[in-house]
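Summary of the model geometry
As a plain string of letters, each chain reads:
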Amino acid sequence: MQERRTVGRRTFLKSAGAVGAAAAGAPLVGAEASKPAKAAARGKPLPVAAADQDPHPAAIEERKSPYGSDFMIDVMRGLGIEYVAAVPSNTTIGLHESIVNYGMTSAPKLELLTVMHEEISVAMAHGYAKIAGKPMACTLHSTVGLQHASMAFYNAWADRAPVFALVGAMPDAQDRHHFVDWVHSAADSTSLVRDFVKFDDTTVSLPHFGESAARAFRFAMTPPYGPALLAVPARLQTDSPVGEVPKIPALPAISPPQGEIGAVRDVARQLAAANMPVIVADRAARTPRGLELMVALADALQAPVVDCYGRMNFPWRHPLNQTTNQNEILAQADMVLGLEMTDFSAIAQRAPSEAKLISISSIDLYSKSNYQDFNRFTPVSLALAADAEATLPSLIDEIRAAITPARRSQMQDRGKALAEQHDEALKSARAAAAIGWNAKPISVARLYAELYEQIKEDDWSLVNGTVFHNFWPQKLWDANKHYQYIGDAGAYGLGYLPGAAVGAALANRGKGRLTVAVGGDGDFMFTPGAIWTAAHHNIPLLYIIHNNGGYHMERMWTQVTAIQRERGFKDRYDIGNSFHNPNVDFAALARSMGVHGEGPVREAAELRSALRRALAVVRGGAPALVDVISEGR
Amino acid sequence: MKLRPILFALAMWLPVTSAASENSKAGTAQRGAAKYHDYGCVLCHGSVGQSSAFGNAALDPQTPIEGLRYKLRNKSGMMPVFSEKILTEQDAQDIHAFLKTFPR
């Protein structure tokens, strides 16, 4: 195997100069400028699993289904669902048997994924949907299984990700044969998560199931996306249909809500007239098309873009990407356009008070009250209740029509100045990343620099959030594909990433992409069993543990609180927050589940070889884990 | 917003008025390294001051003692105020000596 180039501190800084100079010399500030220089030089795609090569038909033939759960399988296949993540249970046993002996043995194949925890099942579906653009199904045990899964539903809800979930039920007391059946029964089981799913129902007949499944799918896949849950009685699964098999609902084509054209035109005119319009995006790009539209919008206006990183909203090395300079840019704004924002207020408070704020968000069309994930109220001058991505084509057309030749020239000047600022920010970030290059514990910037050096020629997909990693990938790497970054957990519920990474890697497997996740040790310890599923189902994934030895955020806040109270120092911040004594051996934990394990890597100089060995395993089609003893942040 | 850098600049010129400082010895990097960890500086700033957690800039080894003292004793961003009760002038001197060893 060819030895890859190492990342010396000097080499790293030199490459910064080269990138900066090339970008500064770019004659045109536009989408072309952000394309990778050597697209053809990417690494070989990963092997594609045979099951993923089968084309999935848009609809399936109706067939005679001897059991209720066979019909349910056909309904799910009709909705384009390819995978069911499941922890087996007696309240979903009919479904389980149907998947095994019907769904997996007839086309189009519906594959069962064996999972160690219901929270992992839903997290897998969450991560899968953000790559695949469609739901994975989960089956959950009644009451206790749903209780295990509940936090993951909240993450998916807050992250606007579609999930299609079924929970077993025993609504008829005559079906409960012993005390466990009683403790596993509830009068209204789906109410447990009703506050944070888009739709829930208890289906009591097969026609009811078919109709509610289609409705659940439609709601889940209409922006704002979200999870949906159906309770399915165990007896409905095991009984044979009485009379004719119900019709299988057809998969609908979904047209997301677009902004009203008069309001869109008004927004376009204001943007065209503004001196410094700033585009801020959180979950604006739902699809690959959304990313293209975001580039077209910024190019049309030559306006700065600030990415809040809910999704891959904008190419990281596009000259108009001013995320790193956002404080300076927002201070100059006379207009801020917020697209599918989670916390617009955090942006608005950094803009001048006279700056005009406009939002385009599908959240205005559907929200709930109890869980307050909607954040602080932001007084905008116009709230366009619509899906941002669906509204962008008409907004871009209207902007182009509103720009005069004289204005276009001014905008080009603005774009050139912004391009220079982007280059300066990149140089500064690289210089900052080089500080502590050989530090022990290993700096997070070094970790990401070493990782990128080894994957940049691959068709890579980074599937973890980076808020706890100081956004080093966004500052240092080049990314311009929608699957190269998928945001974070949504609700920041611990235990998200192991499952979500495996789900995302499953969706990437069919495309031959290299999936990489960097996650905290605390998060991993909530749901470590997820990587067993990756090993069992041959899902290639490089999982790097950012091992800072504990709940680091809480360490920091414990110390801040102690200082404010003028007491409690000399390392007492570790009490209750650290995982030392004993340390967790993550590589051994990985190996215990059939996953290649490397580490603990304590020296920066050892990182490259550990990553290289792990990546060789992943490129061969299997998961691998690298435990890196890292700085807190 | 713009007041903070001005105050910081002024602090560079202020005479050392702390009574504690009159009794403190010159700082040592060895003691400072231990205190940098004990007081939790390392949590947010990293082992050699490199971390950019919460948008911090990396710590500058050239920072004069007056600048460090100002940062410790006055509210700035997410960083709490260290009173002399919990972090003495001697501690500040030692941490400053350690800060000067950071590679840049």
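A short tour of the structure in this document, coming up. Bear in mind that the values here come from a model prediction, so they are computed numbers and not experimental data. (Residues numbered from 1 in each chain as written. Chains lettered and ligands numbered in written order. Predicted model: local features only at pLDDT ≥ 70, side-chain atom pairs only at ≥ 80, totals over all residues. Heavy atoms only, no water.)

Regarding the state of the cysteines
By definition, a disulfide links the sulfur atoms of two cysteine residues through a covalent bond. In the structure shown here, the tally under the stated rule is 0 disulfides over all chains. You can see Cys41(B) has no disulfide; the closest cysteine sulfur is in Cys44(B), sitting 9.0 Å from it. (Disulfide = S-S within 2.5 Å.)

Remarks on the environment of Leu506(A)
Residues and elements named next belong to chain A. Topologically, Leu506 is positioned in helix H18 (residues 496-509). For the pair Leu506 and Tyr225, spaced 281 residues apart in the sequence, the C-alpha separation amounts to 20 Å. With near-sequence residues (within four places) excluded, Leu506 lies in contact with Tyr83, Leu113, Tyr128, Met136 and Ile539. (Helix = DSSP H or I, 4+ residues; strand = E, 2+ residues; numbered from the N terminus. Contact = heavy atoms within 4.5 Å.)

Looking at the packing of aromatic side chains
Residue and element names in this part refer to chain A. Under the counting rule described, the total for this entry stands at 21 aromatic pairs over all chains. Where Tyr154 meets Tyr371, the ring centres are 5.0 Å apart and the plane angle is 50°; that geometry is what we call tilted. With Tyr154 in helix H6 (residues 144-158) and Tyr371 in the loop between strand S10 (356-361) and strand S11 (382-385), this residue pair connects regions lying 217 residues apart in the sequence. For Tyr371, a relative accessible area of 36% corresponds to the partly exposed category. Taking 5.4 Å as the distance between ring centres and 85° as the angle between the ring planes, the aromatic pair formed by Phe199 and Phe219 counts as edge-to-face. Remark: Phe219 occurs in helix H8 (residues 206-220) and Phe199 occurs in strand S5 (residues 199-202); sequence separation between them is 20 residues. Residue class for Phe219 comes out partly exposed when judged on its relative accessible area of 32%. (Phe/Tyr/Trp six-rings, centres within 6.5 Å; stacked < 30°, edge-to-face > 60°. Buried < 20%, exposed > 50% of the residue type's maximum accessible area, 1.4 Å probe, protein only.)

Here's the deal with empty space enclosed by the protein
All names here are of chain A. Per the counting criterion, the structure on display carries 3 cavities of 30 Å³ or more. A volume near 90 Å³ is recorded for the largest cavity. Along the wall of the largest cavity there are 14 residues; nearest its centre are Trp316, Arg317, Asn321, Thr324 and His422. For the lining of the largest cavity, the secondary-structure elements that each account for two or more residues are helix H15 (405-434) and helix H17 (472-476). Looking at which element gives the most residues to the lining of the largest cavity, the answer is H15, with 4 residues. (1 Å grid on protein atoms, 1.4 Å probe; cavity = no way out; pocket = protein on both sides within 12 Å on 5 of 7 lines; lining within 4 Å. Points joined across faces, edges and corners; volume = space filled by probe spheres on them.)

Points about the packing of helix H3 (residues 68-78) of chain A against helix H4 (residues 93-103) of chain A
All names here are of chain A. Between H3 and H4, the least distance of the axes is 8 Å, while the angle of their chain directions is 65°. Of the possible angle classes, the one that applies to H3 and H4 is roughly perpendicular. Note that H3 runs across H4; the crossing there is right-handed. Mapping the contact onto sequence places Ser69, Asp70, Met72, Ile73, Asp74, Met76 and Arg77 in H3 and Gly94, Leu95, Ser98, Ile99, Tyr102 and Gly103 in H4. Tallied by class, residues from the contact of H3 with H4 come to 6 nonpolar, 4 polar and 3 charged. (Axes fitted to C-alpha atoms, helices over the stretch in contact; angles between N-to-C directions. Parallel < 35°, antiparallel > 145°, perpendicular 65-115°, else oblique. Left-handed = near helix turned anticlockwise from the far one by under 90°. Nonpolar A, V, L, I, M, F, W, Y, C, P; charged D, E, K, R; others polar.)

A few points about a nonpolar patch on the surface
Side chains of Trp557(A), Phe54(B) and Met78(B) sit close together on the surface and give an oily, nonpolar patch of about 290 Å² of accessible area. Considering the arrangement of structural elements, one finds Trp557(A) in helix H21 (residues 552-564). Classification of Trp557(A) by relative accessible area gives partly exposed; the value is 38%. (Patch = residues over 30% accessible without salt bridge, like charges linked within 9 Å, V, L, I, M, F, W, Y side chains within 5 Å. Areas by Shrake-Rupley, 256 points an atom, 1.4 Å probe, with all protein chains shown as cover. Salt bridge = Lys/Arg side-chain N within 4 Å of Asp/Glu carboxyl O.)

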